[in-house]
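These are the residues of each chain, in order.
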Amino acid sequence: MEKIIWLFMLGVSLLVSYVQLDATIFSLVLFVLFLFVSTALFLRFDEDHWLDRVSPIVGVGVGILSLIAYLGLVMVSFNELDQLGMWTVLVRLLLMYVGIYIFVMTTTSFLAGATRVKPSRFFRPVLIFSVFFYGAMLLLPLQPGL
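Cut-offs and rules
- Residues numbered from 1 in each chain as written.
- Predicted model: local features only at pLDDT ≥ 70, side-chain atom pairs only at ≥ 80, totals over all residues.
- Heavy atoms only, no water.
- Phe/Tyr/Trp six-rings, centres within 6.5 Å; stacked < 30°, edge-to-face > 60°.
- Buried < 20%, exposed > 50% of the residue type's maximum accessible area, 1.4 Å probe, protein only.
- 1 Å grid on protein atoms, 1.4 Å probe; cavity = no way out; pocket = protein on both sides within 12 Å on 5 of 7 lines; lining within 4 Å.
- Points joined across faces, edges and corners; volume = space filled by probe spheres on them.
- Helix = DSSP H or I, 4+ residues; strand = E, 2+ residues; numbered from the N terminus.
- Nonpolar A, V, L, I, M, F, W, Y, C, P; charged D, E, K, R; others polar.
- Core = buried A, V, L, I, M, F, W, Y, C linked by side-chain atoms within 4.5 Å.
- Contact = heavy atoms within 4.5 Å.
- Axes fitted to C-alpha atoms, helices over the stretch in contact; angles between N-to-C directions.
- Parallel < 35°, antiparallel > 145°, perpendicular 65-115°, else oblique.
- Left-handed = near helix turned anticlockwise from the far one by under 90°.
- Polar contact = N/O pair within 3.5 Å; in protein donor to acceptor, adjacent residues only side chain to side chain.
- Expected span 1.5 Å × (residues − 1).

K.L.:
I keep staring at the packing of aromatic side chains and nothing clicks. Help me out?
P.N.:
Ring pairs (aromatic) are described by centroid distance and by the angle formed between their planes. Counted according to the given criterion, the structure contains five aromatic pairs. A centroid spacing of 5.1 Å and a plane angle of 85° characterise the contact between Phe132 and Phe133, whose relative ring orientation is edge-to-face. Judged by its relative accessible area of 43%, Phe133 falls in the partly exposed class. The structure contains a cluster of three or more aromatic residues connected by ring pairs, namely Phe129, Phe132 and Phe133.

What follows is the structure, given as structure tokens:
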């Protein structure tokens, strides 16, 4: 199922890169791609994750360091993202996937350290929580008057 979702996401992102869309329709397409990214992550987080085998402080440390590296990558490549041509939406899709994964990994490690429970118990609730609010932010450009 996950491979079918990835093939669909790649196809839609390449199609959207070729076609010039209105800002409203482009926001809706990004929201749909975000939902598919979230579904792929939901299927990826199983009960036997590598974070269950390490200390929560290691998970938080790795998460914070990878978040710093991720933000550095986004800051360095921010101007070049719009000049990639047909690969622009695909790169944004992959950056969205990596960013959500890093956020969920770091947050679940923090919650596991605070509650002394395995991080895998928090993956899906944190993912659902972050998907709800990030999805709402993606739909903000569709609000009239903003």
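K.L.:
What is the right way to look at the layout of surface pockets in this model?
P.N.:
Empty space among the atoms becomes apparent when a probe as large as a water molecule is rolled across them. Its boundaries defined by the atoms lining it, the largest pocket holds a volume of some 570 Å³. For the largest pocket, the lining is made up of 20 residues, of which Tyr70, Arg92, Leu95, Met96 and Tyr134 are closest to its centre. When contributions to the lining of the largest pocket are tallied by element, the ones reaching two or more residues are α2 (23-44), α3 (56-76), α4 (88-115) and α5 (123-138). A class-by-class count of the residues in the lining of the largest pocket yields 16 nonpolar, two polar and two charged. Computed from the structure, the second largest pocket encloses a volume of approximately 180 Å³.

K.L.:
Explain the nonpolar core to me, please; I cannot follow it from the model alone.
P.N.:
The tendency in soluble globular proteins is for nonpolar side chains to be buried as a group. Grouped together as the largest cluster of nonpolar side chains are 28 residues, with contacts concentrated most on Met9, Leu33, Val37, Leu41, Ile100, Val104 and Leu127. The set of elements that each furnish at least two residues to this core consists of α1 (2-18), α2, α4 and α5. A per-element tally of this core places α4 first, with eight residues. If sequence neighbours within four positions are ignored, Leu33 has contacts with Met9, Val12, Ser13, Val89 and Leu93.

K.L.:
I tried to follow the packing of α1 against α2 on my own but got confused; where do I start?
P.N.:
How two helices pack is summed up by the angle between their axes together with the distance between the axes. Put simply, α1 and α2 touch, their axes get as near as 10 Å, and they point 160° apart. Put simply, α1 runs roughly antiparallel to α2. For α1 against α2, the interelement crossing comes out left-handed. Between α1, through Glu2, Ile5, Trp6, Phe8, Met9, Val12, Ser13 and Val16, and α2, the contact on the second element is made entirely by Phe26, Val29, Leu33, Phe36, Val37, Thr39, Ala40, Leu43 and Arg44. In terms of residue class, the contact of α1 with α2 is made up of 13 nonpolar, two polar and two charged.

K.L.:
I tried to follow the side chain of Ser77 on my own but got confused; where do I start?
P.N.:
Within the element layout of this structure, Ser77 appears in the loop between α3 and α4. Classification of Ser77 as buried rests on a relative accessible area of 18%. Separated by 2.7 Å, the side chain of Ser77 and the backbone oxygen of Leu73 make a polar contact.

K.L.:
I keep staring at the side chain of Ser13 and nothing clicks. Help me out?
P.N.:
Take Ser13: it is sitting in helix α1. For Ser13, a relative accessible area of 0% gives the class buried. Within polar-contact distance, the side chain of Ser13 engages the backbone oxygen of Leu10 at 2.9 Å. Each residue touching Ser13, except ones within four places of it in the same chain, is listed here: Leu33, Val89, Leu90 and Leu93.

K.L.:
Can you help me understand α2 in this one?
P.N.:
An α-helical segment advances 3.6 residues per turn. Residues three or four places apart therefore align on the same side. The end-to-end C-alpha distance of α2, which contains 22 residues, comes to 31 Å, matching closely the 32 Å that a straight helix rising 1.5 Å per residue would cover. Those residues of α2 lying buried are Ser27, Val29, Leu30, Phe31, Leu33, Phe34, Val37, Ser38, Ala40 and Leu41. Next to the buried residues of α2 lie α1, α4 and α5.

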